[in-house]
Amino acid sequence: MYSVNENYLKLPGSYLFSNIAKKVAAFSAANPDAPIIRLGIGDVTQPLAPAIIEALHSAVDEMAHAETFHGYAPDLGYEFLRSAIAKNDFQARGCDIAADEIFISDGAKSDSGNIQEIFGPDCRIAVGDPVYPVYVDTNVMAGRTGTYDPKTETWSNVIYMPCTAENGFVPELPKEVPDMIYLCFPNNPTGAAITKDELQKWVDYANKNGAVIIYDAAYEAYITEEDVPHSIFECEGARTCAIELRSFSKNAGFTGVRLGATIIPKDLKCGDVMLHSLWARRHGTKYNGAPYIVQKAGAAVYTEAGKAQIKEQIAYYQKNARTIYEGLKNAGYTVSGAVNSPYVWLKTPDNMTSWEFFDFLLEKANVVGTPGSGFGPSGEGYFRLTAFGSYENTLEAIKRIENI
Ligand code: PLP
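Reading guide: rules and limits
Residues numbered from 1 in each chain as written. Predicted model: local features only at pLDDT ≥ 70, side-chain atom pairs only at ≥ 80, totals over all residues. Heavy atoms only, no water. Domains from an automatic or database assignment. Buried area = accessible area lost by both parts, 1.4 Å probe. Salt bridge = Lys/Arg side-chain N within 4 Å of Asp/Glu carboxyl O. UniProt positions renumbered as here; feature names shortened; annotations may be inferred. Helix = DSSP H or I, 4+ residues; strand = E, 2+ residues; numbered from the N terminus. Buried < 20%, exposed > 50% of the residue type's maximum accessible area, 1.4 Å probe, protein only. Polar contact = N/O pair within 3.5 Å; in protein donor to acceptor, adjacent residues only side chain to side chain. Pairing = 2+ DSSP bridges. Contact = heavy atoms within 4.5 Å. Axes fitted to C-alpha atoms, helices over the stretch in contact; angles between N-to-C directions. Patch = residues over 30% accessible without salt bridge, like charges linked within 9 Å, V, L, I, M, F, W, Y side chains within 5 Å. Areas by Shrake-Rupley, 256 points an atom, 1.4 Å probe, with all protein chains shown as cover. Right-handed = clockwise from strand over helix to strand, strands pointing away.

**Examining the domain arrangement of the chain**
According to the domain assignment, the chain contains domain 1 (6-47 + 305-403) and domain 2 (53-303). The distance between the C-alpha centroids of domain 1 and domain 2 comes to 25 Å. Overall, the association of domain 1 and domain 2 removes approximately 3,100 Å² of surface from exposure, summing both partners, and the carbon and sulfur fraction of that is 59%. Remark: the boundary between domain 1 and domain 2 carries zero salt bridges.

In C-alpha cells, the structure reads:
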C-alpha cells in the first residue's frame, strides 16, 4: 500500500479566497442588484501592451515554418531574454549580475515555492508576518516547519517576524538566527517598501550569520521613491547571500501569460557548493522551460516601445493606488502602502476584526477587499485593497467608502 506525503496533511485549509468568494456569492444572491466592485484579488485587469501583443503574434508566426520553428527552450531560458533582463533590470541599476546568473521560469509563484528544494531539510525559515502564503506552505510540504498551532496560527519551527505599524511594516532582524530568510519588498500584502540602507542591514546580517535571503521583487516596478532599491543586488555583499525572484505579472500584465526569472549569483555558496549549480540541475531535471513565444513577449518588455507602454500601464495602477490611499485618508482611515506598491493596507476602524470589516464594506459600500488576517496573525485588524481595478471602479469604490 502506498502512503502519501503526510506533510501535506498538516496544511491548514486555505480559506481566504474561497471564503471571500462564498461571502460575495451569498451577498449577490440576497442583493442581486448590488453593483459590487472587486478590489480584492491581486490580478491585473489592463490588456497586454501593443508591443507585447506584436511580439506574441510574430513568435506564433515563426512557429508555423520549419526554418523558424522552436522546440524545447534552452534549460535556463533563451539568451535574448536573459541578456535583456541582465542589462535592463540589473546592470542599468549598477548591479553586478550576468545573463548566465538568470534562470527563466513560468513565474515567481513556482520559483518562490520550488526554491526551498535546494536547501537541507533541517534549515529553519524566517518569514514576515503577514506574508505571501506560498513561502510557508511550500516549506510545510517539505517538512521543515514543525507542528501547527491553530490557536496562534503559527508553526513551531518557523521564525515569524512581525510587520506592524510600530516598525513601519518592515521587520526587525530576528534574534534567533534563521537559515533561510524570505523577504518581499515592496510587500504583499502590506505595500510597505524597504530603503536601501535598511536592506543593507539584512544583507550584512545574512553574510555574518551564514543565512540565505530569498528576495521576492515581484512588485519592484511600482517603486517611486529614490532610496528604495529595485533589487537586493543594489546592496553590497548581496552576491554572497541572496537569491532574487522576478515576475512579469505585475509590471507587464503576464498573470495569464506566465513568465518570471530567478537570479542566483555564482558567488552564492554553501561551503564549496554553488547554489547556482543546484538550481541549474533542478531546472534541467524538472523543467522544460517557458514557451518560446512567451519569452519573445518577455523580451518585448525591454524594447523602447515596450518600456514606454508598460510605464503607462504601471502609472495607471499607481494612480489607482494613490486614489485609494488619499480617499481613505481623507475619510479618516489609517492607511499605508500605495507609494511604492499597488496595495493599500488600512487599519480597520473601531477595532473591527479584518472579517468584520470585510462584511461591513461589502454590505455598506458593495466593495470587496481582502481581510489582512488571511495573511497571518499580525494582519488581524487590517485590510488590503488593490489598485488593479479600472480607474472608474476605483473612484466609485472610494466615493462609496467615503459616504458610509
Ligand atoms: N510573489 C508575490 C509576493 C506575489 O504577490 C505574487 C502574486 O500575487 C507572486 C509572487 C506570483 O507571481 P507570478 O504571477 O509571477 O507567479
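**Here we look at the UniProt feature "binding site: pyridoxal 5'-phosphate" (unreviewed entry) in the chain**
Residues given the UniProt feature "binding site: pyridoxal 5'-phosphate" (unreviewed entry) here are Tyr72, Ala108, Lys109, Tyr132, Asn188, Tyr219, Ser247, Phe248, Ser249, Arg258 and Asn288. Look at the named residues: they lie 217 residues apart in sequence, and the longest C-alpha span between them is 33.6 Å, so in the fold they stay spread out. Tracing the sequence through the fold places Ser247 in strand E9 (residues 242-247). Residue class for Ser247 comes out buried when judged on its relative accessible area of 11%. Of note is the side chain of Ser247, whose polar atom sits 2.9 Å from the backbone nitrogen of Ser249.

**What to know about the sheet that holds strand E17 (residues 382-386)**
Spatially, the four strands line up as an open sheet ordered E13-E14-E17-E16, and their pairing is antiparallel. Bordering the open sheet on either side are strand E13 (335-337) and strand E16 (370-371), each of which pairs with just one other strand. The strands touched by helix H12 (residues 354-365) within the sheet are strand E14 (343-347), E16 and E17, with E17 carrying the most contacts at an inclination of about 50°.

**Section: a nonpolar patch on the surface**
On the surface, Met1, Tyr2, Val4, Tyr8 and Leu9 cluster together into a nonpolar patch covering about 710 Å² of accessible area. Structurally, Val4 is set in the segment before helix H1 (7-10). Assessed through its relative accessible area of 47%, Val4 is described here as partly exposed.

**Some details on the pairing of strand E8 (residues 212-216)**
With respect to burial, E8 is a largely interior element, five of its five residues being buried. Across the two faces of E8 the burial is the same, with Val212, Ile214 and Asp216 and Ile213 and Tyr215 all buried. Here five bridges tie strand E7 (residues 180-184) to E8, and the two strands are oriented parallel to one another. Looking across to E8, one finds that Ile181 is bridged to Ile213. Handedness of the crossover joining E7 and E8 through helix H7 (residues 196-209): right-handed. By the bridge criterion, four bridges tie E8 to E9 in an arrangement that is parallel. If you follow Tyr215 over to E9, its bridge partner there is Glu244.

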